[in-house]
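Secondary and tertiary structure notes
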Amino acid sequence: MPGKLKAKIVAGRHLPVMDRASDLTDAFVEVKFGNTTFKTDVCPKSLNPQWNSEWFKFEVDDEDLQDEPLQITVLDHDTYSANDAIGKVYIDIDPLLCSEAASVISGWFPIYDTIHGIRGEINVLVKVELFNDLNRFRQSSCGVKFFCTTSIPRCYRAAMVHGFVEELVVNEDPEYQWIDRIRTPRASNEARQRLISLMSGELQRKIGLKVLEMGGNAVVGYLQCFDLEGESGLVVRAIGTACTLDKLSSGSAPNTNTHVHPNTAPASNACNSPSKDGKESPLAHGCRSTHNSPVHSACSSQRLSQNFSVSVPTLIFTGMGSGGSAGKEAGPLKTLLRQQTQTALEQREFPFFTLTSFPPGFLVHVGGVVSARSVKLLDRIHNPDEPETRDAWWEEIRQEIKSHAKALGCHAVVGYSESTSICEEVCILSASGTAAILNPRYMREGCLDIGSTDHRFEEPSPPSCGFCHIPYDELNMPFPAQLTYCYHCRRQKVPDVLFTTIDMPPEAAVTGKGCLIQARLCRLKKKAQGEVNATAISNLLPFMEYELHTQLMNKLKLRSMNALFGLHIQISVGENMLLGLASATGVYLTALPAPGGIQIAGKTPGDLSNEHHILTIQKRINDTITKNKELYQINPPELTEEVVGSPIPEPRQRSRLFRSHSESSDELSELDLSHGKKDAFVLEIDDTDAVEDIHSLLTDAPPPTGFYSCNTEIMPGIYNWTTGVQMFTSVRVFRLSNANLTNQGLNKIFTDLCENLLKSFYFKLRSMIPCCLCHLNFTVAVPEEELIQVAVTAVAMTFDKDQTQEKPADKPVTKGCSETEEQLQFPLELCADSSSITTQTSSKISGVPESTNVSPRAASVDYGSFADRCSTWLELLRLKAHTIRRGSVKTISSLERSSPLPEGRSRSLRSNRSFGGSSVPVVKMTPLSFLPGTRIIKYLGIINMFFIRETTSLREEGGVSGFLHSFIAEVFAMVRAHVAALGGNAVVSYSMKECVLMENPNKNQAQCLINVSGDAVICVIETDQESMPSTINVVQTCSSGADGAT
Amino acid sequence: MAVELDVFVGNTTIMDEEVYQLWLDGYTVNDAVKVRMEGGVLEEFEASADVLLSDTMDQYRTFQMCERLLHSPAKLANQLLFQIPPHRQAILIERYYAFDDAFVREVLGKKLSKGTKKDLDDISAKTSVTLKSCRRQFDNFKRVFKVVEELKGPLVENIRQHFLLSDKLARDYAAIVFFANNRFETGKRKLQYLTFQDFAFCAGQLINSWTIGAVDNMVEDMDVDLDKEFLQELKELKILITDKDLLDQHKSLVCTALRGKTKAFNEMEANFKNLSRGLVNIAAKLTNTKDVRDFFIDLVEKFIEPCRSDRWTASDMRLYLTHYTNSAHILDTFKHQVVWDRYMGVIKSCIFKMYHD
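Residues numbered from 1 in each chain as written. Chains lettered and ligands numbered in written order. Predicted model: local features only at pLDDT ≥ 70, side-chain atom pairs only at ≥ 80, totals over all residues. Heavy atoms only, no water.

With that out of the way, let us pick up the overall build of chain A. For chain A, the helix and strand inventory stands at 22 helices and 31 strands. The buried share of chain A, taken over its 1046 residues, is 63%. When the accessible surface of chain A is summed, it comes to about 36800 Å², and 52% of that surface belongs to carbon and sulfur atoms. (Helix = DSSP H or I, 4+ residues; strand = E, 2+ residues; numbered from the N terminus. Buried < 20%, exposed > 50% of the residue type's maximum accessible area, 1.4 Å probe, protein only. Areas by Shrake-Rupley, 256 points an atom, 1.4 Å probe, with all protein chains shown as cover.)

What follows is the structure in structure tokens.
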């Protein structure tokens, strides 16, 4: 009996007219929690009733508090007939159960009806009194904090990252119960909304229990999804990363430079502030720290790779991303590394992390993208209490992911996510992530106490490139990749291209700017049933993945970039087609080799007209590449930095890519040889398909001047965000004519659909120029046979143009590098080595053969000594101070710019006042984990809402567009109202997980389901006064922390 | 093969002022797209016609959804559905309630009834304001009229507070309400030369000085109905023309003051009695509703036209009316100084405003 929930109904406003005769309404309210219901008095004849009710008190279990929503129903009293419902408000009281979140819910909530939409507003007060600090009674998990944010939330530091948590619950879908035939659509919708609300409450509670068991106190990167399996039922599942988070005292406010380097600050604090309560978390699970020198092992691994550094036959990356259940890049074991760094992780079932960005030092190496899909046939869920089948399915997929990661020489998967696509009884389960090697320091008990000691063993490679260094053993690389020495530190091997699902580490060195890269693909399939259908789909999947991968690769080359971040591949199944959409943000990582160009080759040499054609295309491609380089300001630093005299060879390098799957790899290496070890990248035109492909390659229009776009949190290469923010959701549905469509025709339609959407965004947001569309999240679906639906949520953020141009100039990546060298006092020998490498490189080859010239033995020796030296405290300190100083410089400059902002603010406040009654607080929303120019001072709890809207007067509401437009606006309004009632002024990490639209224009009907989530926060505008001193604070904390540790 | 559904919803509602104006002006989506294309947004922004169409549709939808709120602008500020920055809200409202002078001139003084509404297509044809826009403007007039009808307190202030309009626009609406309420005739050919702003100015004068609100500011309709007692008292002014001595005395006082100061002196002297009779008769008749309606036409016929045919300049007019008003104070037998000032103050400024080509 550990809780008392209290609710008070204050007033209503803007109620609809329920009595035609009087043009008024006699409203009263029912407040329901669990099985208890209270009623207010009837407030007769008013559209703006004042109830001022007493406090309704519910005495309930905390388990119920977690599962159940508070349900408020507004009704119109009718003396003679049944009372008419005006609408409902569901309030999730979870945020009140956590002492650090909100303490009271108070505000105006839209009264929502699934048939009529929003009908007026109601003012409600809700409080919870928890009787004791429970946590003994293990059914509830009150107090565990949930975050949608996929990084360590600002104003917290991670004392420990425990790892993967998952759970799923199943139930029958009320829409498919027999009773649905006799109840009204409204009743059925409400039953569904309520059930889903209950299920997600239960799910959250269960996940919370797992977290408590692991000794954590929070879930970060919480991702909850619904699978509407129709007849077979309803699945709600969630994954997340369990952590132990410590709240940072507001005094040290570390994230002053949030908008610059979102993660640097909190993390630096995390590393250094003396840590404390790792203790309470009895890390029973798998984090036994038996190995005291995990990082040492990392060093040795590097030595290893150095020893064997050589030119590997030039091959490509085909393996990545391919194959439904096929292995990715299989890799050899690096035993040393394995044994030492991995054990902590291996003891847990799934070393997965849903985070996409990390505290510095957390991510050691990144292997590449791992993904797995499986096609399942749905069957009715017979016993909701035993969701074993679905559990087993996911278990299977996760095992696969885990083994893929292992094959890449990695012991963990980061940026992990899961999704499904359902059509009738076929379901595709997908999981993907990025194989990585993590610094186990965060996963061990008390790690932060000795955090400083760990530095001694830390990676000697600079943070700006370390993560690119290959984690696998290059000798036994079964998948084709071309390795070179890191262009940044020259000490480790890096692949020619890197694909990841995470955000770019903020400390990574990039050249120029990034851009959104999408691969789009449609594949027709025969209509079929049951297993035949499932088989057909699973046969198609590998080809689709392969095609998507090829497209991504080509587009990447075309933009002269060498890495993808935030890669998300969605495959959606419809009755007669499969849609594939891969989105990612391309960048030029300074550490990776320059990408080769694309060379067109004809299959039939000698045909003159063909030759000519090829020449034209080749020219177009080359022109595009040149143009793109300019557009994205890609001037590889080698040009300025190291090349003495001779022009850089990179544009001449070619790598080879085969369009068609059938080409064998033997042929491949043969050809490579003929190209003298340069990475030739050849597109063969052997049929019309290829021509089409090339055309589609070239049709991607670059964003108009002043615009950038990416699907990661922020745009690599833009640092000076200003405060303009516009979050939006856009949905388009395209009806295909039933003419005989070919794969190509479909591809073109699909590509145009996506491109046109982007163009629309650019046009609509033109007043924000210069601006960047961030976190562009495309979701595709095939809701009906001839429909393609694309839903996009993103945020447009303004930045300061002048500063952008200056910034790279005054702090070019290369400079960062040289500074680092200074700081670290590289041993002379190494310097000599690297300079010799440099000069040799400049003598024109790709660096790989070069490195062979360097005596491996010597290099390894250098390494050892280097590692020793690096571990001296002095350097460490300097390195730290350096990073932080960098951060603060940026903060300051951005602050100068932001000074007009408070003015604007006050102006709007003033005009607000002039509007008298205007009391609607502004709530900003963003899919990012932060708002530029502001500091998050408090997380108020997770927002996770599910709405259904239905209409039987589609035409009158302006057709499907009108219907969906108002529904989305209503969803936004309800999210904002809930956040405001919690006392917040923003939602971060907002996402629309689900948008299922069903229409039947002939019957004048439509129904839509939307699920959204995010974190409610309070953020304050950063001002000069605030951030300056605190920046200094950080520096001080750092040094003192470090001193103490010594 | 067609886009079946296409929506774009921003957390902060995106509204393009140009499109808003097109919507207000009653353009169809397709026409609006055409206008925008001609306006050159496309070249400016390398967008295609599809993009423009999609954007225009979105915005039109948004405006339609907002329209309900614009009908009671106070709701716009505390509704939750659209997040619109306050300065944008102000623009939306101000523009929504803005009207075309050509249109308002047609309905000014007419009863805001269904009958008039039926004539809107004629007005639309005549003024080349689209019918849709005419309807909006007419409905705005009617809505404002209905709301302020039942309110106490100053008219302009009520309009400003209820509809969150700027002072200028609130005054214009006050004039429209005032004219509609008193049904002033403004449509006659002789009045065609007057603009809406001329009438609005006069309405302001009448509201300030002749309504009940000028003496008591807590009654209903105080600024809409003329002060009946005052109208009664105006009858007393008749003495100025019925009493022969008073008339002569008044004339000689005015002529003495004017002599040598204007080229039109002779005409002024010759017409004095006519003009004076004209003004005083207007005053005396104002107790009849019918004559109130003809107030402006009377002013023009009885006073402005004669002067204009005598080629008085605007400063002649000013000079004449000033002395005409002031001289009455010197008449010892004339006891109605207060009423006279209240009457002539308004007449003077109305005539000044109306005396132009």
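Picking up after the structure, the text goes on.
On to empty space enclosed by the protein, then. Summary: where empty space remains is shown by rolling a probe the size of a single water molecule over the atoms. Residues and elements named next belong to chain A. When its volume is computed, the largest cavity comes out at roughly 520 Å³. Y90, D92, S197, N944 and M945 are, among the 34 residues lining the largest cavity, the residues nearest its centre. At the level of elements, α1 (62–67), β6 (84–92), β7 (105–113), α2 (185–214), β11 (218–228), β29 (934–951) and α21 (959–981) are the ones that each hand at least two residues to the lining of the largest cavity. Here the lining of the largest cavity takes eight residues from α2, the largest share from any one element. When its residues are assigned to classes, the lining of the largest cavity shows 17 nonpolar, ten polar and seven charged. Among the domains, domain 1 (1–133) and domain 2 (141–249) are the pair contributing at least three residues each to the lining of the largest cavity. What the second largest cavity holds in volume is close to 180 Å³. Lining of the second largest cavity is provided by 20 residues; of these, C98, V144, K145, F146 and G941 occupy positions nearest its centre. (1 Å grid on protein atoms, 1.4 Å probe; cavity = no way out; pocket = protein on both sides within 12 Å on 5 of 7 lines; lining within 4 Å. Points joined across faces, edges and corners; volume = space filled by probe spheres on them. Nonpolar A, V, L, I, M, F, W, Y, C, P; charged D, E, K, R; others polar. Domains from an automatic or database assignment.)

On to the domain arrangement of chain A, then. All names here are of chain A. Under the domain assignment used here, chain A contains domain 1 (1–133), domain 2 (141–249) and domain 3 (349–447 + 462–634 + 681–799). With 29 residues of domain 2 at the contact, the number on the domain 3 side is 30 residues. In this assembly, domain 2 packs against domain 3 so that about 2500 Å² is buried in total across both faces, 59% of it on carbon and sulfur atoms. Joining domain 2 to domain 3, the criterion identifies two salt bridges. Taking the shortest distance from any N to any O, the salt bridge between E166 and R398 comes out at 3.4 Å. The tally of links between domain 2 and domain 3 comes to ten residue pairs in polar contact (both at pLDDT 80 or more). Going through the elements one at a time, β10 (156–171), β11 and β12 (234–247) are the ones with two or more residues in the side of domain 2 that touches domain 3. Looking at which element gives the most residues to the side of domain 2 that touches domain 3, the answer is β10, with ten residues. Taken together, the residues of the side of domain 2 that touches domain 3 break down into 14 nonpolar, nine polar and six charged. (Contact = heavy atoms within 4.5 Å. Buried area = accessible area lost by both parts, 1.4 Å probe. Salt bridge = Lys/Arg side-chain N within 4 Å of Asp/Glu carboxyl O. Polar contact = N/O pair within 3.5 Å; in protein donor to acceptor, adjacent residues only side chain to side chain.)

Let's shift gears to the pairing of strand β21 (residues 577–589) of chain A. All names here are of chain A. Burial of β21 is extensive: 13 of the 13 residues sit out of reach of the surface. Here β21 shows a buried face lined by M577, L579, L581, S583, T585, V587 and L589 and a second buried face lined by L578, G580, A582, A584, G586 and Y588. Across twelve bridges, the pairing between strand β19 (residues 510–524) and β21 is antiparallel. The residue bridging R523 from the neighbouring strand is L578, located in β21. Summarising the sheet, strand β20 (residues 563–573) and β21 pair through nine bridges and their orientation is antiparallel. Within the sheet, the bridge partner assigned to S572 lies in β21 and is L579. As consecutive antiparallel partners, β20 and β21 are separated by three residues. (Pairing = 2+ DSSP bridges.)

The next thing to look at is the state of the cysteines. Residues and elements named next belong to chain A. On inspection of all chains with the given rule, the structure shows zero disulfides over all chains. Note on C515: no disulfide assigned, nearest cysteine sulfur contributed by C710 at a separation of 9.5 Å. Taking the relative accessible area as the measure of exposure, C515 reaches 3% and is therefore buried. (Disulfide = S-S within 2.5 Å.)

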